[in-house]
Amino acid sequence: IRIYREADVETVALRGVDLEVAPGDYVALIGRSGSGKSTLIGLIAGADRPSAGRVVVAGVDLGAADEPTRTRLRGTTIGIVFQSANLVDFLDLAENVQLTCALAGIEIDRATAVAALAAVGLGAAARRRAARLSGGEQQRAALAMILASRPSLILADEITGELDSATAAVVLDLLDEVRRKTGATVIVATHDPAVAARANRVVELRDGKVAS
């Protein structure tokens, strides 16, 4: 359950979601805007805490864990790709990949970072600043960061929302490839049927509850 409170107003974003995802599974969370998809992704990422209930990732109850534990888990176990990729604008792409790995406790040299970028078609852009990338390039760079840091859980929230259909297909193909290479569990939140079709399992959220 997740309830947001502001002054005397309560908004119930999740009304009691019971969901178990097995290691290596590929799950698509679907539903209309406001159904609770992004809220659930935020809880699984440890970026938010439930108002009631438990969110357990890799044996850690994120609702009860302290902030250092949650931060460490996001660095070592969870890879996150949002609609707007979380890149440091003043760093070049290779430096972004190296930074992501460092936060996960993995030290890689620049050549390894460039190799990860090359795997997603961005090897020639390794020296470009993140601020100069298109939306599709940012998503590909985010996947390169995940490929290099090898988290066991990949969370993606509307990653194709700002992309044209051709670029979206490329990004989804790359996500499939990253999943194959890393063996990671994948949970994607989407309103796009093309994204949901890639998953092994589709879970519909409706009014903050699991509908199917």
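Residue numbers here run from 1 along each chain, matching the order of that chain's written sequence. Side-chain atom pairs in this predicted model are given and counted only at pLDDT of 80 or more, local residue features only at pLDDT of at least 70, and totals for whole chains, interfaces and linings cover all residues. Heavy atoms throughout the structure, all of them, feed into the side-chain values; hydrogens and water do not.

(A) Here's a closer look at helix α1 (residues 37-44). Taking burial as the measure, the 8 residues of α1 include 7 buried ones, the bulk of the element. The secondary structure listing takes helices from DSSP runs of H or I that are at least 4 residues long and strands from runs of E that are at least 2 residues long, numbered from the N terminus. Within two residues after α1, Gly46 carries a phi angle of roughly 75°, on the positive side. The rule is simple: take the accessible area with a 1.4 Å probe, protein chains only, and divide by the maximum for that residue type; under 20% is buried, over 50% is exposed, in between is partly exposed.

(B) Representation of the pattern of salt bridges within the structure. Salt bridge, as applied in this entry: a Lys or Arg side-chain nitrogen positioned within 4 Å of an Asp or Glu carboxyl oxygen. By the definition in use, this model includes 13 salt bridges. Its salt-bridge partner being Asp92, residue Arg110 comes within 2.9 Å of it at the nearest N-O pair. Taken together, the residues span a long stretch of sequence, with Arg110 in helix α4 (residues 110-119) and Asp92 in the loop between β6 (78-81) and α3 (93-103) at a distance of 18 residues. Take Arg110: its relative accessible area is 26%, and that puts it in the partly exposed class. By relative accessible area, Asp92 is classed as buried at 4%. Across the pair Glu177 and Arg180 runs a salt bridge whose closest N-O atoms are separated by 2.7 Å. One end of the pair is Glu177 and the other is Arg180, both in helix α6 (residues 165-182) and 3 residues apart, which spans about a single turn.

(C) View of the pairing of strand β1 (residues 2-6). Strand pairing follows a simple DSSP-based rule, namely that at least 2 bridges must link the two strands. Here β1 runs beside strand β2 (residues 9-14); their pairing, made up of 5 bridges, is antiparallel. Across the sheet, Ile3 pairs through a bridge with Val12, a residue of β2. Linking two consecutive strands that pair antiparallel, namely β1 and β2, is a turn of 2 residues; a positive phi of about 55° is found at Ala7 within it.

(D) Representation of the layout of surface pockets. Method remark: on a 1 Å grid restricted to protein atoms, a set of points is classed as a cavity if a 1.4 Å probe fits but cannot get out and as a pocket if it is open with protein on both sides within 12 Å along at least five of seven lines; lining residues have an atom within 4 Å of a point. Grid points are joined across faces, edges and corners, and a volume is the space filled by probe spheres set on the points. Reported here for the largest pocket is a volume of approximately 720 Å³. Leu19, Val21, Val55, Val56 and Val57 are, among the 28 residues lining the largest pocket, the residues nearest its centre. Secondary structure elements with two or more residues in the lining of the largest pocket: α1, β4 (56-57) and β8 (185-190). Tallying contributions element by element places α1 first for the lining of the largest pocket, with 3 residues. Charged residues are taken to be Asp, Glu, Lys and Arg, nonpolar residues to be Ala, Val, Leu, Ile, Met, Phe, Trp, Tyr, Cys and Pro, and polar residues to be all remaining types, Gly included. Looking at the lining of the largest pocket residue by residue, the classes come out as 18 nonpolar, 7 polar and 3 charged. The wall of the second largest pocket is formed by 21 residues, among which Arg74, Ile80, Thr100, Leu103 and Met145 lie closest to the centre. Secondary-structure elements contributing two or more residues to the lining of the second largest pocket are α2 (67-76), β6, α3 and α5 (135-149). Split by residue class, the lining of the second largest pocket holds 12 nonpolar, 8 polar and 1 charged.

(E) The environment of Arg49, seen in detail. Locating Arg49 in the fold gives a position in the loop between α1 and β4. Classification of Arg49 as partly exposed rests on a relative accessible area of 31%. Of the polar contacts made by the side chain of Arg49, one reaches the backbone oxygen of Gly63; its length is 2.7 Å. N or O atoms within 3.5 Å of each other form a polar contact, as long as, within protein, one can give a hydrogen and the other can take it, and as long as residues adjacent in sequence are counted only when both atoms are side-chain atoms. Here Ala65 takes part through its backbone oxygen, which lies 2.9 Å from a polar atom of the side chain of Arg49.

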